Amino acid sequence: MGWFPPLPLFLRALVLAFVLTGLAGCGGTSGAAASRSARNYITPTEVAEALTVQNAYLLVQRLRPLWLYERGKKSILFDQGIIVYEGRMLFGNVESLQYIPTIDIYSIRYLPPDRANLIYGVGHPHGAIVVEVKSGL
């Protein structure tokens, strides 16, 4: 073990402040992370409150319209647009959301391109929309 000279008082206070700030942030989801998470998720409560909307496309259009616009890099190899999944199964493109009745939906999540590629494989330059249907359907 090496010997280190004692730190001046102001440096000790600075180190302590950094340590305490880091520990305070470990308790849960930060406000920014929670906001980002809510921005990419339509909750079961939101779905239940919007049962007058006929289908998933109109539901997303009303609650999270930015999901319907392609973001990310354009690719010659993968230019399918935003891909829709029903659970783990490929369902189609954004227009296919029109064929999922709102009454059958449990929740909907938008996955940015990096997450979509990690979960479903390469080929999601604009992300993916994942619709979770109610069990028993």
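In what follows, the structure referred to is the one given above.
Everything quoted here is computed from the prediction, not taken from an experiment.

Caption draft 1: Structural context of the overall build of the protein. When helices and strands are counted, the protein shows five helices and five strands. Start at the N end of the protein and walk to the C end: the helices and strands fall as α-α-β-α-α-β-β-β-α-β. By residue count, 30% of the 137 residues in the protein fall in the buried class. Counting contacts in the protein only where the partners sit at least 6 residues apart, residues at least 24 apart contribute 63% of the total. Counting only carbon and sulfur atoms, one obtains 63% of the accessible surface of the protein, whose full area is about 9,300 Å².

Caption draft 2: Local environment of the nonpolar core. Residues L97, I105, I108, I129 and V131 are the most contacted members of the largest nonpolar core, which totals 20 residues. Looking at this core, the elements with two or more residues in it are helix 4 (56-63), strand 4 (105-111) and strand 5 (128-133). Per-element tally for this core: the top contributor is helix 4, with four residues. In this structure I105 touches V47, A56, L59, I100, V131, E132, V133 and K134, once residues within four positions along its chain are discounted. Membership of the second largest hydrophobic core comes to seven residues, among which are Y85, Y120, A128 and V130.

Caption draft 3: Representation of the pairing of strand 2 (residues 83-86) in the model. With four bridges connecting them, strand 2 and strand 3 (residues 89-93) associate as antiparallel partners. Residue pairing across strands places I83 opposite N93, the latter belonging to strand 3. Joining the antiparallel neighbours strand 2 and strand 3 is a turn of two residues, in which G87 adopts a positive phi near 70°. Here strand 2 runs beside strand 5; their pairing, made up of four bridges, is parallel.

Caption draft 4: Focus on the sheet that holds strand 2. The mixed open sheet is built from five strands, whose spatial order is 1-4-5-2-3. Bordering the open sheet on either side are strand 1 (41-42) and strand 3, each of which pairs with just one other strand. In this fold helix 4 packs onto strand 1 and strand 4, with an angle of close to 60° to the strand it touches most, strand 4. Helix 5 (residues 113-120) rests against strand 2, strand 4 and strand 5 of the sheet, and its axis sits at about 110° to strand 4.

Caption draft 5: Here's a closer look at the side chain of R64. Examined against the element boundaries, R64 turns out to sit in the loop between helix 4 and strand 2. One polar contact links the side chain of R64 to the main-chain carbonyl oxygen of Y41, over a distance of 2.8 Å. When near neighbours in sequence (up to four residues on either side) are disregarded, R64 contacts A38, R39, Y41, I42, E46 and L59.

Caption draft 6: Quick look at the packing of aromatic side chains. Following the criterion strictly, the structure yields two aromatic pairs and no others. Considering the side-chain rings of Y85 and Y120, the 3.7 Å spacing of their centres and the 10° angle between planes classify their relative orientation as stacked. Taken together, the residues Y85 in strand 2 and Y120 in helix 5 connect sequence positions 35 residues apart. By the burial criterion, Y85 is buried, and Y120 matches it.

Caption draft 7: Inspection of the pattern of salt bridges at higher detail. All chains considered together, the criterion is met by one salt bridge. Residue E46 pairs with R64 through a salt bridge whose shortest N-O separation is 3.1 Å. Here E46, found in helix 3 (residues 44-49), pairs with R64, found in the loop between helix 4 and strand 2; they are 18 residues apart in sequence, far enough to count as distant.

What counts and what doesn't
Residues numbered from 1 in each chain as written. Predicted model: local features only at pLDDT ≥ 70, side-chain atom pairs only at ≥ 80, totals over all residues. Heavy atoms only, no water. Helix = DSSP H or I, 4+ residues; strand = E, 2+ residues; numbered from the N terminus. Buried < 20%, exposed > 50% of the residue type's maximum accessible area, 1.4 Å probe, protein only. Contact = heavy atoms within 4.5 Å. Areas by Shrake-Rupley, 256 points an atom, 1.4 Å probe, with all protein chains shown as cover. Core = buried A, V, L, I, M, F, W, Y, C linked by side-chain atoms within 4.5 Å. Pairing = 2+ DSSP bridges. Axes fitted to C-alpha atoms, helices over the stretch in contact; angles between N-to-C directions. Polar contact = N/O pair within 3.5 Å; in protein donor to acceptor, adjacent residues only side chain to side chain. Phe/Tyr/Trp six-rings, centres within 6.5 Å; stacked < 30°, edge-to-face > 60°. Salt bridge = Lys/Arg side-chain N within 4 Å of Asp/Glu carboxyl O.

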